[in-house]
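Observations on chain architecture
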Amino acid sequence: MNRHLAPAFGALALAALATAATDAPATRPAAAGTISGTVTYTGTPPKMRPVDMSKEPTCASQHATEVLTETIVTGPGTTLANVVVYISAGDQPTPAPTEPVRYDQKGCQYIPHVAILHAGQPLEIYNNDKTSHNIHPLSKVNPEWNKSQPPGSPAIKTSYDKPEFIPVKCNIHPWMHGYFAVLSTSHVALSGANGKFSLAGLPPGKYTVTAWQERFGTQTQEVTVSEGGTATANFVFKALPY
Amino acid sequence: MRPQTRWISLVSAWGAVLFLGGVTPLVAQATHVANVTGQAARGDKLYQRYCVGCHGPDGDGNGENAMWIDPKPRDFTAGVFKCRSTPSGNLPTDQDLYDAVTRGFVTTNMPPWVALTPQNRVDLIAYIKTFSPRWTGAAAPTAITIPPETPANIESILRGRQTFQRLECWKCHGPAGHGDGPSASTLTDSKDNPIRPYNFSSGTRFKCGDTNQDLYRIFMTGLDGTPMPSFIDNLQPNEAWDLVHFLRTLQPVKSPEALTWQNYLQTHRGELKPIGPEGGSQ
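For the structure given in this document, a descriptive report is provided here. (Residues numbered from 1 in each chain as written. Chains lettered and ligands numbered in written order. Predicted model: local features only at pLDDT ≥ 70, side-chain atom pairs only at ≥ 80, totals over all residues.)

**Here we look at the overall build of chain A**
- Within chain A, the secondary structure is distributed over three helices and 19 strands.
- For chain A, buried positions account for 37% of its 242 residues.
- When contacts within chain A are restricted to residue pairs at least 6 apart in sequence, those whose partners lie at least 24 apart make up 66%. (Helix = DSSP H or I, 4+ residues; strand = E, 2+ residues; numbered from the N terminus. Buried ≥ 20, exposed ≤ 12 C-beta atoms within 10 Å, placed from the backbone. Contact = placed C-beta atoms within 7 Å.)

Take a look at the structure:
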C-alpha cells in the first residue's frame, strides 16, 4: 500500500532504509516478546596472541597480566563473546538515542572492543592514556577520517549517519583494534562472556535476526515472536584456525 | 535486498528534491576552479586517453598498469583524498583536486599534468567526481583558514621542536625526521597496503605541495586514507606555524629556518633535550 505514497515520504524513508523490507507488525498494544539465545562455535578458533606493548611503556605498565588480542573472545565451553546480535529486518524504525556512546582508549586498548551505536547517535571518544593516539575508523559507507588525540585532549564528539561495521585502529599502536557497530535499530545486544544474548521489547511478529562476528562474518535467522513470549535463536559459527 | 535498497535510495533522492524545492542536484556538484567551469563529458574523453591506464575504466585505481605501481593509483570510487584543504573526513575542494593534478605526486607514478590546459584539467576533475556517490548532492566543502605566517625565528623553531616531541610525531617520522620511528614499519593505508611515513631528509617537496602553507595544511587536515591524522583539534595556529618552522630544519635545503637552526646549533647543541622515547615531556 505504501508504495504509491512512498515518493512523497522519500526523505523520511531514509531513516527506514534497513527495515522497510518486510511488513511491519501491526501497531496495536501487545505485550512485547523477547528473542534470546547463545552464540557458540564449532571447530578450533585461532588462539589469541599476547600483545607486546614494550614500545609504549606508559601503557605496558598499566597491565599486571598479559594482554591478549580480542578478535575472537571465547567463553566457557564453546561459547563466543563479543558477537553483535541485532534485528536486521521486521523491526519498526527507531529514533537515534540522544545518550552518547562512550569509547575509551585506556592502556592502549579500546574499551569496549566493540561499541554499539545507533545511526545518528552521538559518539564520544576519550584518550585516558599518557600517550598520543590517533583514532582512525576505516569506514567505507560513512566518510573516513583520522584524528590525532594527544593526552589530555577533550573528547572527540562525532556520529555516523549510515549503518556500517567500522574497523577502528590506531596507527601509532598497531595492536589496537576495535569496531564501531553502527546499526539502524535499537534492538541489539552483544553476546556476553557466556555467549548469551537477549533482545527484549519486541512486538509480536516475524523478524530477521543477524549475528556478526568480526572474524567469522554474519549469520541470519528468521524468528517469530509471539505475544509476550520468548523465542530462541542460537547461532553457531564455524571457527577456522587461520 | 539490493534492488530494494536501490529503489529506496532513488525514492529518498527524489524526496530530497521535493523537500528542498528542487535545488539539490542529482548529479555530482558543478565543478569550478577560478572562473573555469568543468564539463564531465569532455573530461571523460581526456580521462580515457590520459588516466585510464592507471586509474582504470571504473575509476577504482585498477587500471592495467596498477599492478606495477606502488603507491597504488587513487581509487576515485572511495571518495577519499590525501591532499585536501578541508577537515579530515571531508571531500576536497575543486581547487585541491586541480592542484593535485597540476602538481602530480612526488615519489609516485603520478606526473604533473601541466601539459594539459587549465580547461582540460578542470574538465577531468568534473569527470573524476562522477565516480563516487559522495559528490552527489553534498554541500561544497570549505577549506580551513590559514592565518598569516608568524616570524620564523629560533624561538619559533624551538617551540616547534617541543611540539614535535609532545605530539609524538617521531613515533612514525623518527626522531630526526628520517621516517624511521618505532611505528614506521607497521603502517598500512586504508586498503591495507604498506605505507611509509614521510622522510624529511629525502628532499624538499611534499606530496601535497612545497610551500610553508602547504606544510601547515598537510598536518592540520591530515592525509585521509593514510595513517597521517589531522592535528587541527590539537594545535593553535601559532603552534602550527612553529611546527612548520621546525620541520623545515629537518630538510636538506638551505631554507631560512635551516640556516637559523644551524647557527643556533653551533653554540647551543649541548643544551637540547633529545627527541624520541628518552625525550620525555618537554
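**Re the pairing of strand β4 (residues 84-89) of chain A**
All names here are of chain A.
- Extensive coverage of β4 is indicated by the burial of five of its six residues.
- Pairing of β4 with strand β14 (residues 188-190), which is carried by three bridges, proceeds in the antiparallel orientation. Note on β14: the bridge partner recorded for V85 is A189.
- In this structure, β4 lies alongside strand β16 (residues 205-213), joined through five bridges in antiparallel fashion. Among the inter-strand pairings, Y86 is bridged to a residue of β16, identified as T210. (Pairing = 2+ DSSP bridges.)

**Examining the nonpolar core**
- In this structure, I35, V83, V84, V85, F180, Y207 and V209 of chain A are the most contacted members of the largest nonpolar core, which totals 50 residues.
- With sequence-adjacent residues up to four places away left out, Y207 of chain A is seen in contact with I35, I87, A89, G90, D91, L202, V223 and V225 of chain A.
- Within the second largest apolar cluster, 44 residues are counted, among which are V33, V122, Y127 and F219 of chain B. (Core = buried A, V, L, I, M, F, W, Y, C linked by C-beta atoms within 7 Å.)

**Focus: the packing of helix α4 (residues 94-103) of chain B against helix α5 (residues 118-128) of chain B**
Residues and elements named next belong to chain B.
- Relative to each other, α4 and α5 sit at 120°, their axes nearing to 10 Å. Regarding α4 and α5, the two cross each other, and that crossing is right-handed. Residues D94, L97, Y98, V101 and T102 of α4 touch α5, and the partners they reach there are R121, V122, L124, I125 and I128.
- Per-class residue counts for the contact of α4 with α5 are seven nonpolar, one polar and two charged. (Axes fitted to C-alpha atoms, helices over the stretch in contact; angles between N-to-C directions. Left-handed = near helix turned anticlockwise from the far one by under 90°. Nonpolar A, V, L, I, M, F, W, Y, C, P; charged D, E, K, R; others polar.)

**Focus on unusual backbone geometry**
- With omega at 0°, the peptide bond leading from I111 of chain A into P112 of chain A counts as cis.
- Considering the arrangement of structural elements, one finds P112 of chain A in the loop between β6 (109-111) and β7 (114-118).
- Of note, the bond from D70 of chain B into P71 of chain B is cis; its omega dihedral lies within 30 degrees of zero at 0°.
- Note that P71 of chain B resides in the loop between α3 (52-55) and α4.
- Positive phi values are uncommon outside glycine, yet A34 of chain B reaches one of about 55°.
- Inspection of the secondary structure assignment puts A34 of chain B in the loop between β1 (31-33) and β2 (36-38).
- Even without glycine at this site, T107 of chain B takes up a positive phi of about 65°.
- Position of T107 of chain B relative to the elements: it lies in the loop between α4 and α5.
- By the C-beta count within 10 Å, which is 14 here, T107 of chain B ends up partly exposed.

**A short note on the pairing of β16 of chain A**
Residue and element names in this part refer to chain A.
- Here nine bridges tie β16 to strand β17 (residues 217-225), and the two strands are oriented antiparallel to one another. Across the sheet, the residue bridging to K206 is T224, located in β17.
- What sits between β16 and β17 in their antiparallel hairpin is a turn of three residues.

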